[in-house]
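# Chains, contacts and geometry: an overview
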Amino acid sequence: PAGGPSAMAQAGVLLTKEPAPQAVPASDLPVKVCEVALNTGPDSSSGLATAGFRTAKYLLPEWRRSNSDLYHKAFTGCEQAERGRAEAKELAEHAAATAQRAQQDSTAALGQRLQDIYFWKAELQKEIEDLDAETGLLAAQKLRLEKALDATKVPYAIATDNLQCRERRQPPDLVSDEVERELLKEAELIRNIQELLKRTLTQAGNQMRLNRDHKEVCEMDWSDKVETYNIDDKCGRYSNQSTNIQFHPSSVKFEESASTPETWAKFSHDNIYRAEREKLASINLRALIDNILHDVSEDLRMQCAAVNEAFAKRCEELDDTKHKLEHHLKKILKEIGDQEANIAALKEAIRDKEAPMKVAQTRLYDRSFRPNIELCRDEAQFRLISEAEELTESIESLKKKLLESEQSLRNLEDTRMDLEKEIAVKTNSIFIDRQKCMAHRTHYPVVLKLAGYQ
């Protein structure tokens, strides 16, 4: 048979190793039907006693062929088993190498992914810190706005109080002068500034809310990145020797809601971009607030200086007018004294003319009793009548002058009263402007307070 002793020897060698699984499935041998050859020779026996030993027997060639087939089958099985073991070993080595290479590639991919996650996590963390710091700076500016708005209450109260105080001035000093115009301008300026500060406060509050909203978005993204980083870091540390690994067949799939690397990176990029945009808007708003507070404080102090200058000029003008009125009052009082003395002198002069008038009239009266022809219009009579007329004329002139002097005195008294009243009005106006208004304006807030620093 094929194979011979060498095949048997090889089979013996193979049998010393652990048998490999059969590559060829086992099956039953076909049933061989053998025909019994009848002995018809001269030595044959036709007796029934030997019939059982002569039936169903294989021939020697058949026996040899059967053994040869069995040898060939054993050799073929061993050869196939050996080839199967070699293929299995090669396959196992290839599978091991492939698995190791795939695991290394996956570990490297996880490492690269960790770097990407760390990069975006760091960017998000920096943006969160920047936004938090920017929100804190904006909150400080907002506090300055609130302090500045509170500080404007004092100037507005001072301006309105000054206007109300000056309403208590008496005519003719109750005039719409430069001080009143500056005070009205100051009150209007403060109202406009208060409206501007309120609008800016609202804008700052809205910007702070936007900063916090975008900070929260970045924090959520950062939190997801941290969790993902920890997961991928743990996955990268898994090895074949890890004790906490197990089968999860259901996880070998792509989630329908999973993002792509492009959309993943774009999501964080967009979050950072929007946060940067709000941070820039916040920085610009802080600069605007700083400029507004600087301009507001300067405008208020400039207007305050203008009002104070108008008050100073007005008080100086009132002082000058009051001094002039007092000077004229002093002259009027002196003139009144002189006029009173003149009236007294005129009255004395009139009284002094009474005795001469009595003498002249008595003389004429007595001479009117001269008898008969003695009642003569002599020179003495003419002189006495002339004297009486002169005295009467002098007395009438003195009385007329006395009336004029008395009227002049009454006019002087009226002027004195007017001057005293006007001086009182000026004194009241000076008291209101200087003691009330200007003294109240000394409480005007300083620039630092108006700028919100105090």
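Thresholds applied
Residues numbered from 1 in each chain as written. Predicted model: local features only at pLDDT ≥ 70, side-chain atom pairs only at ≥ 80, totals over all residues. Heavy atoms only, no water. Helix = DSSP H or I, 4+ residues; strand = E, 2+ residues; numbered from the N terminus. Buried < 20%, exposed > 50% of the residue type's maximum accessible area, 1.4 Å probe, protein only. Contact = heavy atoms within 4.5 Å. Axes fitted to C-alpha atoms, helices over the stretch in contact; angles between N-to-C directions. Parallel < 35°, antiparallel > 145°, perpendicular 65-115°, else oblique. Nonpolar A, V, L, I, M, F, W, Y, C, P; charged D, E, K, R; others polar. pLDDT = per-residue confidence, 0-100. Salt bridge = Lys/Arg side-chain N within 4 Å of Asp/Glu carboxyl O.

### Description of the environment of Asp 378
For Asp 378, the position within the fold is in the loop between α6 (354-367) and α7 (379-440). Classification of Asp 378 by relative accessible area gives partly exposed; the value is 23%. If we ignore the near neighbours within four places in the chain, the residues touching Asp 378 are Arg 367 and Arg 370.

### Remarks on the packing of helix α5 (residues 261-352) against α6
Where α5 meets α6, the closest approach of the two axes is 4 Å, and the angle between their N-to-C directions is 20 degrees. In this view, α5 runs roughly parallel relative to α6, as classed from their interaxial angle. Across from Ile 350, Arg 351 and Asp 352 in α5, the residues of α6 making contact are Glu 354, Ala 355 and Pro 356. Residues belonging to the contact of α5 with α6 are distributed by class as follows: three nonpolar, no polar and three charged.

### Notes on the confidence of the model for the protein chain
When pLDDT is averaged across the protein chain, the result is 85; 87% of the residues are at 70 or more. Counting contacts from residues 1-27, a segment whose pLDDT is below 50, to residues more than four positions away or on other chains yields 14 contacts. Low pLDDT, under 50, characterises residues 29-39; the stretch is placed with 10 contacts to residues that sit more than four places away or in other chains.

### A few points about the pattern of salt bridges
Two side chains carrying opposite charge are able to pair once their charged atoms lie near each other. Under the counting rule described, the total for this entry stands at 36 salt bridges. We note a salt bridge from Asp 319 to Arg 434, for which the minimum N-O separation is 2.7 Å. Taken as a pair, Asp 319 in helix α5 and Arg 434 in helix α7 lie far apart in primary sequence, 115 residues in all. A relative accessible area of 18% means that Asp 319 is categorised as buried. By relative accessible area, which is 32% here, Arg 434 ends up partly exposed. Between Glu 422 and Lys 426 there is a salt bridge, with the nearest N and O atoms lying 2.1 Å from each other.

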